[in-house]
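# Working through the structure, step by step
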Amino acid sequence: MKNGVTVIMKKKYKNEDLITALLFIAPLMIGLFIFYLFPMIQNVYYSFTEWGKFGGSVFIGLENFKKMVSDVQVREALKNTVTYAIFTVPIGIAISIIIATLLNNKIKGVGLYRVIYFLPAVTMTSAIAMIWKWMFNNQYGVINQLLLKIGIIGPKWLTDEKWAMISLITVGVWSSLGQSIILYLAGLQSVPRSLYEASEIDGAGTFRKFFSITLPMITPTIFFNMITSLIGALQVYDLIFLMYSETNPALQSVQSLSYLFYRHAFVFNDKGYAAAISVVLLSITLLITVIQFMFQKKWVHY
């Protein structure tokens, strides 16, 4: 009888613990459903519909996706998005690792340097875009003024199709450095000093220690930063919106899928087609993320 009572009491406490746990996570789960899951499901449904100018939708099946196959703007936007991600992510990771490695050493004023490099991470995107837009101005911008002092006539950074993407990549890399550097600094400080001391006894130099110890030990941090940076790069929108106006002749050369989604949803009022574009972007992002997780076991060392 005593054992039976004990079992009943344990079940009672387990049920109470389960109810308590559910109550604690309920606000978060409700928020996720209302602001993330439900809009995502709704957006997928909208991708199979066509919206009229005065509201209301009609189910049209896969017509929006068929239209995308022959849409030149979608192909250009996809190419621009992939180009931006391919250049921004690797360059940003490489520069961040180098700077983080330098800041991890005991140098004078290292705290000040860390604050300076972290500033872009806490600066509003609008402020970043406005400052760089001024710097890239072909008439009175700082960059072209400096080039003019050494006898070089600077290009039209934001209005020339040859330089527009380079300008966007430059701003994208710069604005992502702060957060990446902090992540790599945390990873570097977790590397045991004993590994470096043992390698010095074996006669390893600076580069040998970096490639044989530092890089392998921070691969989990690199993997995490690679995923988050790539997702952010594929969803680039704010920098394009703030730096390139609708009348800019180079807009087509930097227009991303996210920006094209914005134009169809809020400028052309074609919400069904915009939803289809966002579904394609989501599918590409998920596919690339899954591939990264599949191959991370071959180079990430936990």
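Just above sits the structure.
Let us look at the structure shown here. (Residues numbered from 1 in each chain as written. Predicted model: local features only at pLDDT ≥ 70, side-chain atom pairs only at ≥ 80, totals over all residues. Heavy atoms only, no water.)

## A short note on the side chain of S258
- Along the chain, S258 falls in helix α12 (residues 257–267).
- The exposure class assigned to S258 is buried, which follows from its relative accessible area of 12%.
- Beyond its immediate chain neighbours, meaning those up to four positions away, S258 contacts L234, Q235, V236, Y237 and L281. (Helix = DSSP H or I, 4+ residues; strand = E, 2+ residues; numbered from the N terminus. Buried < 20%, exposed > 50% of the residue type's maximum accessible area, 1.4 Å probe, protein only. Contact = heavy atoms within 4.5 Å.)

## Overview of helix α5 (residues 125–135)
- Here α5 has its buried residues at I128, A129 and W132. Down the axis of α5, the buried side of the element spans an arc of 95 degrees, and every buried residue falls inside it.
- Elements in contact with the buried residues of α5: α4 (110–122), α6 (142–149), α7 (161–189) and α11 (238–243). (Arc of directions from axis to C-beta.)

## Some points on the packing of aromatic side chains
- Using the criterion set out here, one finds 18 aromatic pairs in the structure.
- Where W132 meets W174, the ring centres are 5.8 Å apart and the plane angle is 65 degrees; that geometry is what we call edge-to-face. Residue W132 is found in helix α5, and its partner W174 is found in helix α7; the two are separated by 42 residues along the sequence.
- The exposure class assigned to W132 is buried, which follows from its relative accessible area of 12%.
- When the ring of Y237 is compared with that of F241, the centres are 5.6 Å apart and the planes differ by 25 degrees; the resulting orientation is stacked.
- A relative accessible area of 24% means that Y237 is categorised as partly exposed.
- A connected cluster of aromatic rings, assembled from ring pairs, spans W132, F136, W157, W163 and W174.
- Geometry around Y273 places K67 over its ring, the cationic atom sitting 4.4 Å from the centre. (Phe/Tyr/Trp six-rings, centres within 6.5 Å; stacked < 30°, edge-to-face > 60°. Lys NZ or Arg CZ within 6 Å of the ring centre and 35° of its normal.)

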